[in-house]
Amino acid sequence: MSEPDKNTSDDSGIILVDASGHAFPRETAAPAGAHDKPALPPDVLPIVPMRDTVLFPGTVFPITIGREGSTLAAQQALREERPIGILMQHDAADEEATPQNLHAVGTVANILRYVNLPDGSHHLVIQGLQRFRVLEYVQEKPFLAARVELIAEPAEEGSELAARLLHLQQQAMEALQLLPQTPQPLVAAVQAATAAGALADLIAAYSDFEPAQKQEVVETIDVLARADKVSALLAGRIEVLKLTQEIGQRTKATLDENQRKAILREQMASIQKALGEDDGKSEEVADLKQKIADAGMPDEVREAAEKELRRYERMPDGAMEAGMVRTYLDWLIDLPWAEPAPREIDIAAARRVLDEDHFGLDKIKQRIVEFLAVRKLAPHGKAPILCFVGPPGVGKTSLGQSIARAMDRPFAHVSLGGVHDEAEIRGHRRTYIGSMPGNIIQAIRKAKARDCVMMLDEIDKMGRGVQGDPSAAMLEVLDPAQNNVFRDNYLGVPFDLSRVVFITTANTLETIPGPLRDRMEIVQLSSYTENEKFQIARRYLVPRELEANGVSAAQVTLGDDVIHAIIRDYTREAGVRNLQREIGRVLRHAAVQIADGSATQLTIQADQLEKILGPRRFENEVAMRTSTPGVATGMAWTPVGGDILFIEATSYPGKGGLILTGQLGDVMKESAQAAFSVVKHRAHELGIDEAQLAKIDIHVHVPEGATPKDGPSAGVAMFTALVSLLTGRNVRSDTAMTGEISLRGLVLPIGGVKEKVIAADAAGITRVMLPKRNQRDFEEIPEEVRQRLEFIWLERVDEAIAAALEPGPA
């Protein structure tokens, strides 16, 4: 039973207020235009339907209405200063109230208070007057209105009704005393009751009976029957209150301050036990115990699992911690703890798998075969962890999948790009809600094998945040000397990672911390040549895109010249991802014609590519760019492959200064300054007027200014561009160069030779000038590229000038 509304007013007038509590005139309560509605007949009531609220005569209750019909009905009653009829719906889920889904008996009510709320709903305080029965509905729109019959309260005479009144008062007082906090106004109202019918209505109004039970009380006109019905309902609630009090007293001795939050769950468990209901937990615990025994856990892990199982057995099902413990047990049970069965490695089959999946990459394949051979001869040995480093799209991830297929082991992929939280590797501690193991344990659970091949992708793109350094956590994972006792924070027990074959990938080594890089064996993957791209496209990409676009090789034919044209004119990349996209675009163009019936078989020609793919995106611009003095072609290395760049120099009257633009890094600026100093020092030998140098300023620019550039390898190209400008001799358009220079005029070695040379070959260069001390990298350059290019090895800058500049005027 709840306390009656304290806002009851003796004033029979209607108070209209806004949401802030300020009163306003009644004539402003209705919306504009509402005053034009005709008045209802005297025997007709505006009906306000309620979803699950029952009003009793003699009680005051607040209600909130939001439906348009209810609002209009209340406003009509306000305007005409008449009561409203409160009826409950048969189904509270019905959005629209109709005569068919409303009960026939309800309560006439006066509106004591009317408040407009900011959200558009309306708050009413109403007072029940007497029962009524609907005779007929006279309108349904804009609001419900019905002709009703008012039901007078029967007269109460006789000893039976007096006995019912006394009995109801005793029951009500008993129920109130069982409540944790007895509402005194309700006690006074019960004690002051003089009629059994009114007391029955009061008890039903303020008790937590079901809405349907309250409606039955409203519909019971006979006072004797109504009193008996309410007495029976109240007796049931008293029994529940007594049982609740008994459970509370029985469990109170076992509770301490930390357990008080679980009192409701304890009471629920006690109720279930008192009713003799079996929740099936004993079977669940027995099943978990058997799974723990069958999981093959080490002793330390099994003891931890059994300890948690005993805790779980003592917890009630509704406890929040019970769900966390159950999730932890599921993780322990699902992990592959048992020693994996030996797997035979077939070296010949491994070679065949690698050749089927990848074209070229002979040295990479040879290193993988060596890796597999060591694994075969020493299955429990500490094999090195391979790190494939190369530009995007050259097949690093697919190599890991091929290794898994060659070893006949499950493949697990873990993406480390953007990871900046140590917990992503080691897991979260179980003290946090929603905690989980780290990505390593999650991948092993998904692979369902302790000896899987795990690809740690993009290891160079891990970050560092306030939650810790994930690269430091990777040190334990990738160290064969200690990963056999890897401890995930969530599991809290050691897990053996020594049988996992770890393979990592990266685009660059610069961002990988030294200690982590030291634990891996670096395997470099370089850019593909045009012929390698053609072979990959012909063998893998074209069949894959044919299948993806729903056409067959018999329906669409791509000639070799088409593939070469796409490679040369529409892609310039280290890998083959863009090449695959462009081939897919061509095949989709053909698929449209086959699908609409305009063609059944198509052969794509090279001259059709401009219509399908648009104008050529790349062309040989070296000759155009180097047709004037002061422009040299350099070679650059980037994380996504090699590239060529142009060094442009010009002069104008000044005071001998040097201006550098093109978003150059500090090292590249110093390289340009060193080249300028060498030019000034050797001006006489180079045929440059020293006096003229003091009267001009030189501006050196590297185009594509939005792209940052850095490194010392452009020194030779900058020196050559300056000499070309000051002597008026053009740089040969078929020549590209790279190398660092010293103030003594020496050409020093640089890195990334293979990537740079492949990029120069792709750009149409036929001569490359490299530092002589980089001849050791010559064998790394693909054979087909070596045959197409002329190599000039430089020791001093004088050799570069002799080889790069065209003859000048006599």
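Residues numbered from 1 in each chain as written. Predicted model: local features only at pLDDT ≥ 70, side-chain atom pairs only at ≥ 80, totals over all residues. Heavy atoms only, no water.

Quick look at the pairing of strand E7 (residues 145-151)
Next up, step 1: Bridging between strand E2 (residues 44-50) and E7 involves three bridges; their strand directions are antiparallel. Within E7, the position partnered with Leu-45 by the bridge is Ala-146.
Next up, step 2: For strand E6 (residues 122-139) and E7, the ladder comprises seven bridges, and the chain directions are antiparallel. When the bridges of E7 are listed, Phe-132 appears paired with Leu-150.
Next up, step 3: In this structure, the hairpin formed by E6 and E7 is closed by a connection of five residues. (Pairing = 2+ DSSP bridges. Helix = DSSP H or I, 4+ residues; strand = E, 2+ residues; numbered from the N terminus.)

Let's talk about the pattern of salt bridges
Next up, step 1: Under the definition given, this model contains 49 salt bridges.
Next up, step 2: Measuring nitrogen to oxygen at the nearest pair gives 3.1 Å for the salt bridge that ties Arg-450 to Glu-339. In this pair, Arg-450 sits in the loop between helix H15 (439-447) and strand E10 (453-457) while Glu-339 sits in the loop between helix H10 (320-334) and helix H11 (347-357), placing the two residues 111 residues apart along the sequence.
Next up, step 3: Look at Glu-339 and you get exposed, because its relative accessible area is 51%.
Next up, step 4: A salt bridge links Arg-585 to Glu-582, with the shortest nitrogen-to-oxygen separation between them at 3.5 Å. In this pair, Arg-585 and Glu-582 are both assigned in helix H20 (residues 577-595), three residues apart and thus about one turn of the helix distant. (Salt bridge = Lys/Arg side-chain N within 4 Å of Asp/Glu carboxyl O. Buried < 20%, exposed > 50% of the residue type's maximum accessible area, 1.4 Å probe, protein only.)

Considering helix H1 (residues 68-80)
Next up, step 1: Taking 1.5 Å as the rise per residue, H1 with 13 residues should run 18 Å; its terminal C-alpha atoms sit 18 Å apart, in good agreement.
Next up, step 2: After H1 finishes, the residue Glu-81 shows a positive phi value of roughly 50 degrees. (Expected span 1.5 Å × (residues − 1).)

Description of the side chain of Thr-71
Next up, step 1: Tracing the backbone through its elements, the reader meets Thr-71 in helix H1.
Next up, step 2: Thr-71 sits in the buried class, given a relative accessible area of 9%.

Focus: a positive patch on the surface
Next up, step 1: On the surface, a cluster of positive charge is contributed by Lys-289, Lys-307, Arg-310 and Arg-314.
Next up, step 2: It is helix H9 (residues 299-314) that contributes the most residues to the positive patch, three residues altogether.
Next up, step 3: As for its position among the elements, Arg-314 is in helix H9.
Next up, step 4: By relative accessible area, which is 66% here, Arg-314 ends up exposed. (Patch = residues over 30% accessible without salt bridge, like charges linked within 9 Å, V, L, I, M, F, W, Y side chains within 5 Å. Areas by Shrake-Rupley, 256 points an atom, 1.4 Å probe, with all protein chains shown as cover. Lys, Arg positive; Asp, Glu negative; His and termini not counted. Charge placed at Lys NZ, Arg CZ, Asp CG, Glu CD.)

A few points about the packing of aromatic side chains
Next up, step 1: For the structure on display, the rule yields six aromatic pairs.
Next up, step 2: Seen from their ring centres, Phe-778 and Phe-791 are 5.1 Å apart, and the 85 degrees between their planes marks the pair as edge-to-face. Residue Phe-778 is located in the loop between strand E24 (767-771) and helix H27 (783-788), and its partner Phe-791 is located in strand E25 (residues 790-794); the two are separated by 13 residues in the primary sequence.
Next up, step 3: Residue classification places Phe-778 among the partly exposed residues on the basis of a relative accessible area of 24%. (Phe/Tyr/Trp six-rings, centres within 6.5 Å; stacked < 30°, edge-to-face > 60°.)

Examining the sheet that holds E10
Sheets are built from strands that pair by backbone hydrogen bonding, the pairs being arranged parallel or antiparallel.
Next up, step 1: Reading across the sheet, the five strands line up as E9-E10-E13-E8-E14 and stay open at both edges, with parallel pairing between neighbours. Strands with a single pairing partner mark the edges of an open sheet, and in this sheet they are strand E9 (411-415) and strand E14 (520-524). The mean angle between the axes of side-by-side strands here comes to 25 degrees, regardless of whether they run parallel or antiparallel.
Next up, step 2: Bridging between E10 and strand E13 (residues 501-506) involves four bridges; their strand directions are parallel. Across the sheet, residue Met-455 finds its bridge partner in E13, namely Ile-503. (Axes fitted to C-alpha atoms, helices over the stretch in contact; angles between N-to-C directions.)

Describing unusual backbone geometry
For residues besides glycine, phi is generally negative; the peptide bonds are generally trans as well.
Next up, step 1: Looking along the chain, the bond that leaves Lys-141 and enters Pro-142 is cis, with omega of 0 degrees.
Next up, step 2: Checked against the element boundaries, Pro-142 lands in the loop between E6 and E7.
Next up, step 3: Non-glycine residue Glu-81 carries a positive phi angle of around 50 degrees.
Next up, step 4: Positionally, Glu-81 belongs in the loop between H1 and strand E4 (84-88).
Next up, step 5: Relative accessible area serves as the criterion here: at 54%, Glu-81 is assigned to the exposed category.

In short, shape yes, function no, at least from these values alone.
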